[in-house]
Amino acid sequence: MQLDRDATYSSVLVREFDSVTPENAMKWGPVEPEKGTFNWAEADAIVAFAQAHGMKVRGHTLVWHNQLPDWLNSGTFTPAQLSAILKSHITTEVGRYAGKIYAWDVVNEVFNEDGTWRDTIWYRAFGDKFVADAFRWAHEADPQAKLYINDYNTDLANPKSDALLALVKSLKAQGVPIDGVGFQAHFDLAVDSLGDMAANLKRFTDLGVDVAITELDARIPMPADKTALAKQADFYKEAASACVSLPRCVGITVWGFTDKYSWVPYSFPSEGAATLLDADFQPKPAYRAFAEALAAAKP
Ligand code: G3I
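Residues numbered from 1 in each chain as written. Predicted model: local features only at pLDDT ≥ 70, side-chain atom pairs only at ≥ 80, totals over all residues. Heavy atoms only, no water.

Undergrad: Sorry, what's going on with the overall build of the protein here?
TA: The secondary structure content of the protein amounts to 13 helices and 9 strands. Over its C-alpha atoms the protein spans a radius of gyration of 19 Å, differing by no more than 12% from the 19 Å that the globule rule assigns to 299 residues. Burial statistics for the protein: of 299 residues in total, 51% are counted as buried. Sequence separation of 24 or more characterises 76% of the internal contacts of the protein that already satisfy a separation of 6 or more. (Helix = DSSP H or I, 4+ residues; strand = E, 2+ residues; numbered from the N terminus. Rg over C-alpha atoms; globule rule 2.2 N^0.38 Å. Buried < 20%, exposed > 50% of the residue type's maximum accessible area, 1.4 Å probe, protein only. Contact = heavy atoms within 4.5 Å.)

Now the structure itself:
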């Protein structure tokens, strides 16, 4: 974990941010690698670090189809067993950090790009019912935590964000304790164009939920030249301006803040340079554009 190994990383984190999110340490695979055997060390260390520095913690993520433990992926369970396993996971993890985590990504990435439901272990067993159950169980375990549904490629109006909007509306109508919607905002400069993110997010706040940008980055086909870095700055600025313009946009989380450590080159080997600071922790054009847009939020 970079927090233990890289003093510059830790000091820049504390200098620049007031909230942290574990990138992987709170996911099901890392926390329960064997059924009933828990490994909280890294997640606990991140929470302790945040508390020691007066920072908030966003929890990520409870119900997902990725990074599940092997015992769960390869096991055979009846729907009743699976429901009990999911309830226990949510209750255990949310309960452990009750009062220490201000917001949880309860449910992550349930839709395909065309707005149909993603075929996952959860959807196959329960249809869409697992979503409402997950929020209710999380709320029981920590009534104070703000509970989010989170997804990517929902930053602009499209079939996927339309489906998410319809789901949130339906959950609210059923009285499900959902507080917010997370927009991951993983931009890809090779394919994405700027659009009216504020207008899309407002569709959600109009339903009476908070919104947050939860995993902001903007990856560039490598090598990154000046033109690409300027375009990247526009994407960061657009996201910050969208959030600042909406009273119910409560925060922006970036998915890594230095190009020294980013998930992008592992998942997209020809792309990179996705974060605000370069690999030497020096600000890129995106940093300045982002900071200027955020400054507009100050009264
Ligand atoms: O920890 C193991 C290590 O022991 C092993 O040697 C190594 C070999 O491959 O893998 C390591 O695990 C990797 C893990 O990151 C920790 O570095 C996994 O392979 C790798 O798949 C995993 O990638 C993570 C990815 O989620 C998995 O889907 C990224 O770090 C993480 O940034 C990314 O985050 C997701 C959000 O949770 C949800 N939204 C999209 C976002 C980006 O994909």
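Undergrad: Would you take a moment to explain the packing of helix α6 (residues 79–96) against helix α8 (residues 129–141) for this structure?
TA: Packed helix pairs are specified by the crossing angle of their axes together with the interaxial distance, meaning the distance between the axes. Two elements in contact, α6 and α8, have axes separated by 8 Å at closest approach and are oriented at 35°. The hand of the α6/α8 crossing is right-handed. On α8, the residues that touch S83, L86, K87, I90, T91, V94 and G95 of α6 are F130, A134, W137, A138, E140 and A141. Its residues placed into classes, the contact of α6 with α8 shows 8 nonpolar, 3 polar and 2 charged. (Axes fitted to C-alpha atoms, helices over the stretch in contact; angles between N-to-C directions. Left-handed = near helix turned anticlockwise from the far one by under 90°. Nonpolar A, V, L, I, M, F, W, Y, C, P; charged D, E, K, R; others polar.)

Undergrad: Would you take a moment to explain the side chain of R58 for this structure?
TA: Here R58 lies in strand β2 (residues 56–63). A polar contact is formed between the side chain of R58 and the side chain of D105, at a distance of 2.9 Å. (Polar contact = N/O pair within 3.5 Å; in protein donor to acceptor, adjacent residues only side chain to side chain.)

Undergrad: What is the right way to look at the packing of aromatic side chains in this model?
TA: When we look at a pair of aromatic rings, we describe it by the centre distance and by the angle of the planes. Counting across every chain of the model gives 15 aromatic pairs. On the basis of an interplanar angle of 80° and a centroid distance of 5.5 Å, the ring pair of Y9 and Y261 is categorised as edge-to-face. Of this pair, Y9 sits in helix α2 (residues 7–16) while Y261 sits in the loop between β8 (249–254) and α12 (264–267), and the two are 252 residues apart along the sequence. According to the relative accessible area criterion, Y261 is partly exposed, its value standing at 24%. (Phe/Tyr/Trp six-rings, centres within 6.5 Å; stacked < 30°, edge-to-face > 60°.)

Undergrad: So what exactly am I meant to see when it comes to the site of the ligand here?
TA: In the region of the ligand, 14 residues are neighbours, and E23, K27, H60, E109 and E215 sit closest. Contact between the ligand and K27: an oxygen atom at 2.6 Å from a side-chain N or O atom of the residue. Q184 places a side-chain nitrogen or oxygen 2.9 Å from a nitrogen atom of the ligand. When the ligand sits alone it has 790 Å² of accessible area, and the protein chains cover 46% of it. (Near = heavy atom within 4 Å. Areas by Shrake-Rupley, 256 points an atom, 1.4 Å probe, with all protein chains shown as cover.)

Undergrad: How should I be thinking about the pattern of salt bridges in this particular structure?
TA: Pairing between side chains of opposite charge can happen when the charged atoms of each approach one another. What the rule picks out here adds up to 14 salt bridges. Between E113 and K160 there is a salt bridge whose closest N-O contact spans 2.7 Å. Separated by 47 residues along the polypeptide, E113 in the loop between β3 (103–108) and α7 (121–126) and K160 in helix α9 (residues 159–173) bring together distant segments of the chain. Given a relative accessible area of 41%, E113 falls into the partly exposed group. Through salt bridges with shared partners, a single ionic network connects E113, D151 and K160. (Salt bridge = Lys/Arg side-chain N within 4 Å of Asp/Glu carboxyl O.)

Undergrad: Even after reading the chapter, I still don't get the pairing of β8, so can you show me in this structure?
TA: Along a regular strand, successive side chains alternate from one face of the sheet to the other. As paired strands, strand β7 (residues 210–221) and β8 are joined by 3 bridges and run parallel to one another. From the neighbouring strand, V211 faces β8, where its bridge partner is C249. In this fold, the crossover linking β7 to β8 by way of helix α11 (residues 226–244) has right-handed handedness. (Pairing = 2+ DSSP bridges. Right-handed = clockwise from strand over helix to strand, strands pointing away.)

Undergrad: Could you clarify how one ought to interpret helix α4 (residues 41–52) in this entry?
TA: An α-helix turns once per 3.6 residues; consequently, residues spaced three or four apart project the same way. Spanning 12 residues, α4 covers 16 Å between terminal C-alpha atoms, matching the ideal 16 Å at 1.5 Å per step. Among all positions in α4, only A43, I46, V47, F49 and A50 are buried. End-on view of α4: buried residues confined to an arc of 160°, all on one side of the axis. Opposite the packed face of α4, turned more than 90 degrees from it, sit the exposed residues A41 and A52. (Expected span 1.5 Å × (residues − 1). Arc of directions from axis to C-beta.)

Undergrad: Where do I start with the pairing of β7 in this structure?
TA: Along β7, 11 of the 12 residues are buried, which leaves the element largely enclosed by surrounding structure. In terms of strand pairing, strand β6 (residues 186–188) meets β7 through 3 bridges, oriented parallel. Paired with D188 across the bridge in β7 is R219.

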